[in-house]
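# Report on the structure
Here is what each chain is made of, one letter per residue.
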Amino acid sequence: MTVLPYLVAGWIFLVGVYGLVTSRNLIHAVGCLSVAQSSTYVLLLGVGYRRGGTAPVFSDVPADRRVVDPVVQALALTDIVVGATVTALLLALVVQLRKRHGTVDPDSLSDLRG
């Protein structure tokens, strides 16, 4: 097992969080959040990868053959669907915010200050 997928996932996450922290535009912030969330895809691929493993179809595979974990594949697909849904919802909220306040700059939204 190699540590490379975990390092790549951590690097992608840090790039997304850095972009999120330094963002001056809400659309850019949503994109950076999506990048940070995509690091979980790489992490799940690193967890589920098995060298020499085959697809988890057990009808024609011998019992001693290594197969990849199907639960990790299901989690990755669920992660993709949830990530796309959250991104779409946040972009719809940014569009409504632009319609009501005329800007997507977080510093210019004075009506939302607590």
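Higher on the page you've got the structure.
Because the structure is predicted, anything quoted here is derived from the model rather than measured.

Rules and cut-offs
Residues numbered from 1 in each chain as written. Predicted model: local features only at pLDDT ≥ 70, side-chain atom pairs only at ≥ 80, totals over all residues. Heavy atoms only, no water. Salt bridge = Lys/Arg side-chain N within 4 Å of Asp/Glu carboxyl O. Helix = DSSP H or I, 4+ residues; strand = E, 2+ residues; numbered from the N terminus. Buried < 20%, exposed > 50% of the residue type's maximum accessible area, 1.4 Å probe, protein only. Expected span 1.5 Å × (residues − 1). Contact = heavy atoms within 4.5 Å. Polar contact = N/O pair within 3.5 Å; in protein donor to acceptor, adjacent residues only side chain to side chain. Patch = residues over 30% accessible without salt bridge, like charges linked within 9 Å, V, L, I, M, F, W, Y side chains within 5 Å. Areas by Shrake-Rupley, 256 points an atom, 1.4 Å probe, with all protein chains shown as cover.

This part takes up the pattern of salt bridges. Evaluated as defined, the whole model comprises 1 salt bridge. A salt bridge links Arg24 to Asp107, with the shortest nitrogen-to-oxygen separation between them at 3.3 Å. Taken together, the residues Arg24 in the loop between α1 (4–22) and α2 (26–48) and Asp107 in the segment after α3 (70–101) connect sequence positions 83 residues apart. Given the relative accessible area of 47%, Arg24 is considered partly exposed. By relative accessible area, which is 47% here, Asp107 ends up partly exposed.

This paragraph deals with α1. The α-helix advances 3.6 residues per turn, and as a result positions three or four apart in sequence lie on the same side. The end-to-end C-alpha separation of α1 is 27 Å, in line with the 27 Å expected for 19 residues at 1.5 Å each. On its buried face, α1 is in contact with α2.

Here α3 spans 46 Å end to end across 32 residues, near enough to the 46 Å set by a 1.5 Å rise per residue. Within α3, burial applies to Val72, Ala76, Asp79, Gly83, Val94 and Leu97. The secondary structure elements touched by the buried residues of α3 are α2. By the N-cap criterion, in which a side-chain oxygen at the helix start approaches the backbone nitrogen of a residue two or three places on, α3 is capped by Asp69, the distance to Val71 being 3.3 Å.

This next bit is on a nonpolar patch on the surface. Taken together, the side chains of Trp11, Val15 and Val35 define a hydrophobic patch exposed on the protein surface, amounting to about 300 Å² of accessible area. Secondary-structure assignment places Val35 in helix α2. Here Val35 falls in the partly exposed class, since its relative accessible area comes to 35%.

Moving on, we come to the environment of Cys32. Assignment of secondary structure puts Cys32 in helix α2. Considered as a pair, Cys32 and Val8 are 24 residues apart in the sequence and their alpha carbons are 16 Å apart. Discounting chain neighbours no more than four positions away, the residues touching Cys32 are Gly16, Gly19 and Leu20.

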